[in-house]
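As a plain string of letters, each chain reads:
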There are 2 protein chains.
Amino acid sequence: MNFEFHNPTRIIFGAGNLARLGGVAREYGAKALIVTGGGSVKKSGAFDRAVQSLTAAGVAYAECDGVEPNPRITSVIRGAQTARSQGCDVIIAIGGGSVMDAAKVIAAATFYDGNPWDMIHHGQADVHVPDKALPIITVPTLAATGSETNCGAVITNEETKVKSFIQNPLLSPKAAIMDPELTVSVPRNQTAYGVCDLITHVTEAYFNGIDSTPLQDRFAEGVILTAMQWGPKAIADGADIEARTHIQWAAAVALNGWVQVGTNGAYPVHMLEHTLSGHHDVTHAAGLSVINPAWMRFAAKTNTPKFVQFAQRIFGLTATSENDVSCALEGIDRFEAFLRSIDCPTRLSELGIDDALLETYARDTLQIIHDEDGNLPGRPPMSVADIVSIFRSAL
Amino acid sequence: MNFEFHNPTRIIFGAGNLARLGGVAREYGAKALIVTGGGSVKKSGAFDRAVQSLTAAGVAYAECDGVEPNPRITSVIRGAQTARSQGCDVIIAIGGGSVMDAAKVIAAATFYDGNPWDMIHHGQADVHVPDKALPIITVPTLAATGSETNCGAVITNEETKVKSFIQNPLLSPKAAIMDPELTVSVPRNQTAYGVCDLITHVTEAYFNGIDSTPLQDRFAEGVILTAMQWGPKAIADGADIEARTHIQWAAAVALNGWVQVGTNGAYPVHMLEHTLSGHHDVTHAAGLSVINPAWMRFAAKTNTPKFVQFAQRIFGLTATSENDVSCALEGIDRFEAFLRSIDCPTRLSELGIDDALLETYARDTLQIIHDEDGNLPGRPPMSVADIVSIFRSAL
């Protein structure tokens, strides 16, 4: 293990902490751009409580609402224009991953005269690396993405159908205010998607990382076990604040770097899902739920011991050896069964996707990222044929 | 769970990273005060390599060497005087926990004209809270304390025999350079003490924290399982860089706040050990190794379910119910057996301590910290009689 890790985001966690937003925002600015999504935070009253807190602290605000579930670069452009024209000096994201991701890129785009799409990795010759960004405060209303405490963002270009990412330390939120009460109104299906999303965030590095990362393995397994124990409770009773608390914390931890650090893990399932939801407007986690088990069965053939460990430690299965493929596959079946038990889709047909564009998805994904051999980074690296076979197995 | 967490320390981890010290130090200052201990870093060559790196980066340095295993306030005073007289603008600690702890307090004492002992909690009416400190860089040469990435320090007053602590965000290291190669020369017994130390750091919050912290429980168990798996390898073969790597990372994670966050855990075993090693110059971890199992048997009577969970998840034992006291005690026996298997002491007599001062240790500890009922904070809170009974059970 050889790595550098720095997560400077200040975490303010616990029921009732939305009331602290104003005081925290005042530390970073005098006028906030509040970024929101489709309006659920206004229906729930969270927006009004946030504004009350800001006003009480003497923080003015402007708005960028209507950010899409798969946030579009046009929303980023719109938000940056508002931030500039309104003289905002701090960005506050109140919403789910899409809102937080858009807000992060808006924070950097405010200081960039070109098209912010230049900052998103999409196979272009030279990516524009931002050198300045407004301070960002995240207020997640959905336990899923982990975007609240990391420096990454995923943005979609609706014209080119490309969905891709940026990672830059400037996009690390200064503070994340995580108030589980805000997640109580999340509907059952979105709650389940969040559980699937957070689990997939840790399975990626767990299965695609280097060998011999024992502590990171335990951390990843801890996140998975916690999500599988408390996720169904939060899905069954949205008002269960204890379950909401544990799922929100697990979601944040799942992608703030602590679990993955040192593993050098790739994110092939995410890369494939980004292509899918770039072409079809499917929910990110629904796409992950379909692709992940299919990918696992492919990867288990080459990285069998890690899948055996997964089967043993997550599902308590017994293996005849560290290369017991049937034990590995049984663990994957159990995982897929868990996803189905929380009503997450596991077939492309459930997403309304057929086999018409399988090779296109593969080639589009490799357009965005590939290794020196032209394969999709991961364990194992995947060719177009490999990717198509995975999609085909999930039809 | 309701908490605030902020760990801004930049972690640079992996074999060979000592070479980066100069470049990193240059980001924070032009003249370093290098704080070291009894000379092992000079024998091992680590000090010379550090100086080479600093010199190559144009960073001058002064020295504060000879910091004791239980760092004394007089060493802090001496270091601060040197930092002031030599015009140092960055503090670099190269050594174990005692060296890093002394360096942290030196960083704050440099800006304080009074006696730095005023900053250490020792039951005084008003504790001096530092308002400024020099930037600190830690280079741990021992996997044990976790001090490299937290804002705490423990200092001993040799006159009053009081050993106590300070915690302040200003003492958070700017960067921690963790190079497992530096730990290869750590002798067998010190390596074992480090394993005991890091495990005790997580057992404290694990057993003394609030109920329902499932993810933190998994993290703590992950640290314990990793330490118990890789510790014996590092002890058996000090040159096993893989084992050294995993133990060093586990030691850092064990006390950087990430495992304990949200648990509101108390540290009764540490408080008791500090009193012991204040009176007798015993190695911190040797004291912990004796007190922890004895304390566990006391606490298991009231917090049985957590000790049953420990027995099940760490040692794979089977329980008849969550209140299966015999299962809980069997887990503690297994843990004590592990400590003995790595040649850590488990009786006070092995430390040359008899029953002459047991009540004094108890009263001295309560002098430093006690709840509104006059008991030592923990689960359960402990009276003088409780503490004496624990010490007596470990004679």
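Residues numbered from 1 in each chain as written. Chains lettered and ligands numbered in written order. Predicted model: local features only at pLDDT ≥ 70, side-chain atom pairs only at ≥ 80, totals over all residues. Heavy atoms only, no water.

A. Geometry of the sheet that holds strand 2 (residues 10-13) of chain A. Read from one edge of the open sheet, seven strands run 4(A)-3(A)-5(A)-6(A)-9(A)-2(A)-1(B), paired in mixed fashion. Among the strands making up the open sheet, the edge pair consists of strand 4 (60-64) of chain A together with strand 1 (3-5) of chain B. In this sheet, neighbouring strand axes are inclined to one another by 15 degrees on average, regardless of whether the strands run parallel or antiparallel. The pairing of strand 3 (residues 31-35) of chain A with strand 5 (residues 90-95) of chain A spans four bridges and is parallel. By the bridge assignment, Ala32 of chain A is partnered in strand 5 of chain A with Val90 of chain A. Packed onto the sheet, helix 4 (residues 73-85) of chain A meets strand 3 and strand 4 of chain A and runs at close to 155 degrees relative to strand 4 of chain A. Sitting on the sheet, helix 8 (residues 241-254) of chain A is in contact with strand 2, strand 6 (136-140) and strand 9 (175-178) of chain A together with strand 1 of chain B, with an inclination near 170 degrees to strand 2 of chain A. (Pairing = 2+ DSSP bridges. Helix = DSSP H or I, 4+ residues; strand = E, 2+ residues; numbered from the N terminus. Axes fitted to C-alpha atoms, helices over the stretch in contact; angles between N-to-C directions. Contact = heavy atoms within 4.5 Å.)

B. Representation of helix 7 (residues 214-236) of chain B within the structure. In this model, helix 7 of chain B (23 residues) spans 33 Å end to end at C-alpha, consistent with the 33 Å of a helix rising 1.5 Å per residue. Along its length, helix 7 of chain B shows its largest kink, about 30 degrees, at Trp230 of chain B, and proline Pro232 of chain B lies within four residues downstream of that point. (Expected span 1.5 Å × (residues − 1). Bend = angle between axes of the 7 residues up to and from the residue.)

C. The arrangement of the interface of chain B and chain A in detail. Contacts between chain B and chain A engage 38 residues on the former and 38 residues on the latter. Across the interface of chain B and chain A, roughly 3400 Å² is buried in total on both sides, 60% from carbon and sulfur atoms. Considering only the side of chain B, the residues that lose the most area to chain A are Leu215, Trp249 and Trp258 of chain B, jointly responsible for 19% of the buried surface there. At the junction of chain B with chain A, the criterion picks out four salt bridges. The shortest N-O distance in the salt bridge between Arg20 of chain B and Glu4 of chain A comes to 2.9 Å. The interface formed by chain B and chain A contains 20 residue pairs in polar contact (both at pLDDT 80 or more). Only strand 1, strand 2 (10-13), helix 7 and helix 8 (241-254) of chain B provide two or more residues apiece to the side of chain B that touches chain A. The biggest single contributor to the side of chain B that touches chain A is helix 7 of chain B, with ten residues. Along the lines of polarity and charge, the residues of the side of chain B that touches chain A split into 19 nonpolar, 14 polar and five charged. Of the pairings in the sheet, the one linking strand 2 of chain A to strand 1 of chain B comprises three bridges and is antiparallel in character. Bridge assignment links Ile12 of chain A to a residue of strand 1 of chain B, and that residue is Glu4 of chain B. (Buried area = accessible area lost by both parts, 1.4 Å probe. Salt bridge = Lys/Arg side-chain N within 4 Å of Asp/Glu carboxyl O. Polar contact = N/O pair within 3.5 Å; in protein donor to acceptor, adjacent residues only side chain to side chain. Nonpolar A, V, L, I, M, F, W, Y, C, P; charged D, E, K, R; others polar.)

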